[in-house]
Amino acid sequence: MTTMKLVSVLLTHNTRNLLNFLVTLSNSPSYKLCNVCCYSTYKHKRNIKECYQILDVPEGCSADEVRDSYRTLAKKYHPDSGTTTASATMFMQIDEAYRDLLTHLAKESKNAQSMEDDEEKTSERKVPQHRQYLSYEGVGFGTPSQRQRQYMQFRVDRATDQVLDFRKQKLERQYAENSMIAKDVKHSKKIKITQAIERLVEDLIQESMAKGDFDNLSGKGKPLEKFSSCPHIDPMTHNLNRILIDNGYQPEWIVLQKEIRETIDKLRQDLVASRKKLGAPMAYRQEKQWTEICEMFREDVTQLNKRINDFNLVVPLLSRQMVHFNVDKEVYRAEQAFLALEERMKTANNTEGGEKVDNHQGKTTEVFLKWIKQLKNIINVNKEK
């Protein structure tokens, strides 16, 4: 019992001394510095998911995306940034998460590369032994010596083809250059001719003016009369067009329109005339001729419709465009014209016949009256005798 009490007293005395030492040590600045150093060097091992959450990037992203997110967050939370969101603790967490995530991605890339290398090695082991026969660019068949000869012939043929292609391209370039030179020569000749004609015309005008050929012209020294007083029309263009029209010049679309109208009128007249020749009650032979005439008329109308297409392409106004002629309608029109012509001829014949009858009756009455007068004259002569 005494020994136990003595031990307890000693322990209590020692513990008191130890506590006092610890208290004094904790109040000392060296202990505080050591405590700070211990807290600053401590690293909390975070999970990879926490790193993704801190950096605000999705799992499985690339290293470039991680770097971009780190830069944006560092600008936001860095203590020296001067922003309202600056925080040293938050920046330390972001920095640690960034480093841990980069090491994790590097390990994953190394593992993937090693797996690919292993797969390539296994595939190389699985390559068949006859792979050696697939050389020579896959050309030929048979034994290696035969395939080598075939491959040499293939190379010769390919080289000849390349030489021919090169020569062809060279000739094409030369031909193009020669054609360009010829075009330039033609263009220069044309310019020289036009300039020579202009000089000749100017010389003739000056010579005529010197001779006095223009002195007797009507309207000399007077301004040209305006052909149009409309303010919306260019006077120069209008005057030039008027001069061209007065001298017999007509635009292409006007000439085409005139030719089309003249052609369709002639075709209609010919169709009516041919129908008139066949007569009204047509027999089998006449009907056959009429079908042939209609077929020829159809061919002519198709050619005319092609000219109408050309006219519609060059006509300047949409309202002046022409519609294609229909062959069936034209044939029906010709038949109706023939029937109307026949009716007119019948009525004319009837009127002529009536006039002839009336004339004959009038002549007979006149003859009878003359005969009666002559008879009376003869009777009077006899009475006088």
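Source: prediction; values computed, not measured.

Definitions and limits used
- Residues numbered from 1 in each chain as written.
- Predicted model: local features only at pLDDT ≥ 70, side-chain atom pairs only at ≥ 80, totals over all residues.
- Heavy atoms only, no water.
- Helix = DSSP H or I, 4+ residues; strand = E, 2+ residues; numbered from the N terminus.
- Buried < 20%, exposed > 50% of the residue type's maximum accessible area, 1.4 Å probe, protein only.
- Contact = heavy atoms within 4.5 Å.
- Areas by Shrake-Rupley, 256 points an atom, 1.4 Å probe, with all protein chains shown as cover.
- Phe/Tyr/Trp six-rings, centres within 6.5 Å; stacked < 30°, edge-to-face > 60°.
- Expected span 1.5 Å × (residues − 1).
- Core = buried A, V, L, I, M, F, W, Y, C linked by side-chain atoms within 4.5 Å.
- Arc of directions from axis to C-beta.
- Patch = residues over 30% accessible without salt bridge, like charges linked within 9 Å, V, L, I, M, F, W, Y side chains within 5 Å.
- Salt bridge = Lys/Arg side-chain N within 4 Å of Asp/Glu carboxyl O.

Novice: Tell me what's going on with the overall build of the chain, and back it up with residues and numbers.
Specialist: When its secondary structure is counted, the chain shows 10 helices and zero strands. Ordered by position from N to C terminus, the α and β elements of the chain give α-α-α-α-α-α-α-α-α-α. Scored against the burial criterion, the 385 residues of the chain give a buried share of 14%. If you take every contact in the chain between residues at least 6 apart in sequence, the share linking residues at least 24 apart comes to 48%. Put simply, the chain shows about 32,400 Å² of open surface, and 57% of that area lies on carbon and sulfur atoms.

Novice: Before we move on, can you summarise unusual backbone geometry with the specific residues and values?
Specialist: A positive phi angle is found at D56, which is not glycine, with a value near 60°. Inspection of the secondary structure puts D56 in the loop between α3 (48–55) and α4 (63–77). Judged by relative accessible area, D56 falls into the exposed class, the value being 65%.

Novice: Residues and numbers for the packing of aromatic side chains, please.
Specialist: Aromatic ring pairs are described here by two measures, namely the spacing of the ring centres and the angle between the planes. One pass over the full model with this rule turns up two aromatic pairs. Arranged with centres 4.0 Å apart and planes meeting at 10°, the rings of Y70 and Y98 form a pair that is stacked. You can see Y70 sitting in helix α4 and its partner Y98 sitting in helix α5 (residues 88–126), a full 28 residues away along the chain. When its relative accessible area of 17% is taken as the criterion, Y70 is described as buried.

Novice: Can you tell me about the environment of Q150, naming the residues and giving the values?
Specialist: Along the chain, Q150 falls in helix α6 (residues 144–211). With relative accessibility at 27%, the residue Q150 sits in the partly exposed group.

Novice: Got a sec to walk through helix α7 (residues 235–246)? Specific residues and values, please.
Specialist: The end-to-end C-alpha distance of α7, which contains 12 residues, comes to 16 Å, matching closely the 16 Å that a straight helix rising 1.5 Å per residue would cover. G248 sits one or two positions beyond α7 and adopts a positive phi of about 90°.

Novice: A description of the nonpolar core should follow, citing residues and the corresponding values.
Specialist: Among the nonpolar cores identified, the biggest contains 20 residues, and I260, L271, W290, F297, F311, F325 and V331 are the most heavily contacted of them. Mapped by element, the contributors of at least two residues to this core are α8 (252–278), α9 (284–314) and α10 (327–384). Residues in contact with F325, not counting those within four places in the same chain, are I260, I264, R268, V301, L304, N305, I308 and E330. Counting 17 residues, the second largest nonpolar core, distinct from the first, contains I54, V57, Y70 and L101.

Novice: Account for α4, naming residues and giving values.
Specialist: Across its 15 residues, α4 extends 21 Å between first and last C-alpha, which sits within 8% of the 21 Å expected from 1.5 Å per residue. Turning to α4, its buried residues number three or more, namely V66, S69, Y70, L73, A74 and Y77. Viewed end-on, α4 has its buried residues packed into an arc of 135°, placing them on one side of the element. Away from its buried face, by an angle of more than 90 degrees, α4 presents the exposed residues D64 and K75.

Novice: Account for a nonpolar patch on the surface, with residues named and values stated.
Specialist: On the surface, a nonpolar cluster with roughly 620 Å² of combined accessible area is contributed by I193, I197, V201, I205, M209, F214 and L217. Relative to the helices and strands, I193 is located in helix α6.

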